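Here are the chains, one letter per residue:
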Amino acid sequence: MADPSGNSPATGGLFGDLARLFGKGGGSDAAPDTGPAAAPVGVESSSPVGGGSAGGSLAGIGSDQMSQAFENAPLAIVFADRAGRVLAGNRMFCELAGLGSVSPQAGLALSDLVMAEDAGLLAEATGQALAGSPPGHPVELRMARDPELVAAGFVRALQCPDETAEEAESAPSLMLHLIDVSQRKKLEAQFVQSQKMQAVGQLAGGVAHDFNNLLTAMIGFCDLLLLRHSPGDQSFADIMQIKQNANRAANLVRQLLAFSRQQTLRPRVLDVSEVLSELSHLLRRLMGENIRLDMRHGRNLDLVKADQGQIEQVILNLAVNARDAMPEGGALSIATETIEIIRAQQIGSEEILPGRYVKIEVADTGTGIPPEVVPRIFEPFFTTKAVGSGTGLGLSTVYGIVKQTGGHVLVNSEGGEGTSFSILLPAYAADAAQSAEPGEEAEARNRDLTGAGTIMLVEDEDPVRLFSARALRNKGYKVIEARSGEAAMEILAAEEEPIDLLITDVVMPGIDGPTLIRLVRERRPHIKVLCISGYSEDALRQRIAEETGIAFLSKPFSLKQLAGRVKELLDS
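Residues numbered from 1 in each chain as written. Predicted model: local features only at pLDDT ≥ 70, side-chain atom pairs only at ≥ 80, totals over all residues. Heavy atoms only, no water.

As recorded by an unreviewed UniProt entry, the protein chain carries the name histidine kinase and is attributed to Oceanibaculum indicum. Word for word, the UniProt comment on the protein chain under Catalytic activity (unreviewed entry) is "ATP + protein L-histidine = ADP + protein N-phospho-L-histidine." (UniProt positions renumbered as here; feature names shortened; annotations may be inferred.)

Structure (structure tokens):
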């Protein structure tokens, strides 16, 4: 027990003061220091707590039992005088405050136990209690020994009748009940953070969708201009610069969508070793001269099905982080191998199901990550770099990409000994011939992308619709344009000519893409459909799960990608 005075509970001291404070009943004075009956919280052996006025509810409880109740209470209890000096505290209080014991002679102030920023809150609460105000909302205090340790509780004033002014100054005048709410505060903070990041993710997805529409028009009209300007033309280089910068912007948009896990993945069957070999030249330039790059490719490596651009982004983000962790130079190693998980494993928060995986390990010899930081490294906007040196989105983007691909990210770090990230991607058993992207496959097989047929194009963004219609008409198709789902239904009601293909945006005001598809197929059940959108294909598939025969083309797309995808669908 945290004995406040060095005396045993039965010999008086502070508990004698408490006995005098609580032991008055029916006008009789307590005599706490005259014998072994003095109670630790003011209970005389001959009367219940509070004397006759207590109603006898605690009659028969002796001083030893009250001492045990005080000491073993499941919440922190502390007594202080009017000046806020600690007089007594139970075991839970000592643990909360980081004290071995409590002694009135130490002159420890309550304000010394909390953060300086919270001392004002404590002073306000004690002032209100001494002024006789009833307890209001609990006061939350961060403990000085650990700012992440938060206690919440009430401050109550103790009445001291018949005390002289001098005695009242040193007598117990304040009682605090405190509960450790650190875990609750952490959960609240995590919930707020998750809500904030969900909102930021939705904002990022919406912004990226709008940008994808703009970039589709920019890239598309550049393609139309390039049809009229040969490589020897003076304007050709300018147009190519515009298109290349638009493609760079498209990559930035994909990173935004990767952060919000809404990006449209373009999965292909890939050999990871080939991807890393193509990336090695860029990695060497990024690392600089004082960092050695070592790449080791595993033998008989399984294939994976993933978006090549996103996998490259994962490796680049990890490599940049490794470089920043080695300011004095070092070594970065990237190794691949095929592993097989026999039984489901729980590694940290990652549950890895049985199966074959391609493992990409990115390890550095840098400063390492402190253990207390490791649980937060994948949080968006969390960074340990200096202000202006990082966005805090690098590792969160890595996590988003890998999880959306169906993989796992594991981290192992030792302070001063470097960090190792392991990316596990599910192995893909199908033929590598499926690696071509839809549209590009048709373009590769058919250099002539002209065709014939009637296409209905439904798109609410005028620039995207105008470019797409011009591009398809240039390839020989008849195009019927509609700027909304309602306009498309009116045209279909009056149009008797068969329509070979419906191209529709997914997100539109009024009748959106999935709704339009269902309405059109009620009248023309065999019509082929191509959906175009800046959002992910997964989001579309969830909304049209019962529909079949629907193809998808993600924005931004080029003239050749659009023409190739259309030809592929109409020829199938």
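Caption draft 1: Main features of the packing of aromatic side chains. Here the structure, examined in full by the defined rule, presents three aromatic pairs. In this structure, Arg156 packs its charged tip against the face of Phe154, placed 5.7 Å from the ring centre. (Phe/Tyr/Trp six-rings, centres within 6.5 Å; stacked < 30°, edge-to-face > 60°. Lys NZ or Arg CZ within 6 Å of the ring centre and 35° of its normal.)

Caption draft 2: Broad picture of the packing of helix α13 (residues 485–494) against helix α14 (residues 513–523). Between α13 and α14, the shortest axis-to-axis distance is 11 Å and the interhelical angle comes to 10 degrees. Judged on the interaxial angle alone, α14 and α13 are roughly parallel. Mapping the contact onto sequence places Gly485, Ala488, Met489, Leu492 and Ala493 in α13 and Leu516, Leu519, Val520 and Arg523 in α14. Class assignment for the residues of the contact of α13 with α14 results in seven nonpolar, one polar and one charged. (Axes fitted to C-alpha atoms, helices over the stretch in contact; angles between N-to-C directions. Helix = DSSP H or I, 4+ residues; strand = E, 2+ residues; numbered from the N terminus. Parallel < 35°, antiparallel > 145°, perpendicular 65-115°, else oblique. Contact = heavy atoms within 4.5 Å. Nonpolar A, V, L, I, M, F, W, Y, C, P; charged D, E, K, R; others polar.)

Caption draft 3: The UniProt feature "modified residue: 4-aspartylphosphate" (unreviewed entry) in the protein chain, seen in detail. According to UniProt, the "modified residue: 4-aspartylphosphate" (unreviewed entry) feature falls on Asp505. With respect to the helices and strands, Asp505 occurs in strand β17 (residues 501–505). By relative accessible area, which is 0% here, Asp505 ends up buried. Aside from chain neighbours lying at most four places away, what touches Asp505 is Val458, Glu459, Asp460, Gly513, Ile532, Ser533 and Lys555. (Buried < 20%, exposed > 50% of the residue type's maximum accessible area, 1.4 Å probe, protein only.)

Caption draft 4: Broad picture of helix α2 (residues 63–71). Buried within α2 we find Ser63, Met66, Ser67, Phe70 and Glu71. Down the axis of α2, the smallest arc covering the buried residues is 135 degrees, so these residues share one side. (Arc of directions from axis to C-beta.)

Caption draft 5: The sheet that holds strand β19 (residues 550–554), seen in detail. The parallel open sheet is built from five strands, whose spatial order is β16-β15-β17-β18-β19. Edge positions in the sheet fall to β16 (478–482) and β19, since each has one partner strand and no second. Neighbour-to-neighbour, the strand axes of the sheet open up by a mean angle of 20 degrees, direction not taken into account. Sheet strands in contact with α14 are β15 (454–458), β17, β18 (528–533) and β19, and its direction is about 155 degrees off that of β17. Relative to the sheet, helix α16 (residues 559–571) contacts β15, β17, β18 and β19, its axis offset from that of β18 by approximately 160 degrees. (Pairing = 2+ DSSP bridges.)

Caption draft 6: Structural detail: the pairing of strand β12 (residues 355–364). Burial runs high along β12: seven of the 10 residues are buried. With 10 bridges joining them, strand β9 (residues 330–341) and β12 adopt antiparallel strand pairing. Looking at the pairing, Thr336 lines up with Ile360 of β12. Here β12 pairs with strand β14 (residues 418–428) via seven bridges, running antiparallel. Bridge pairing links Val362 to Phe421 in β14.

Caption draft 7: Spotlight on the nonpolar core. By size, the foremost hydrophobic cluster in this structure holds 39 residues, and its most contacted members are Leu332, Ile334 and Ile423. When contributions to this core are tallied by element, the ones reaching two or more residues are α8 (272–287), β7 (291–296), β8 (303–307), α9 (308–324), β9, β12, α10 (394–404) and β14. The greatest single-element share of this core, amounting to seven residues, is contributed by α9. With residues up to four places along the chain from it excluded, the contact list for Ile334 reads Leu276, Leu283, Leu293, Asp294, Met295, Arg296, Ile315, Ile360, Glu361 and Val362. Counting 24 residues, the second largest nonpolar core, distinct from the first, contains Phe93, Val102, Leu113 and Val139. (Core = buried A, V, L, I, M, F, W, Y, C linked by side-chain atoms within 4.5 Å.)

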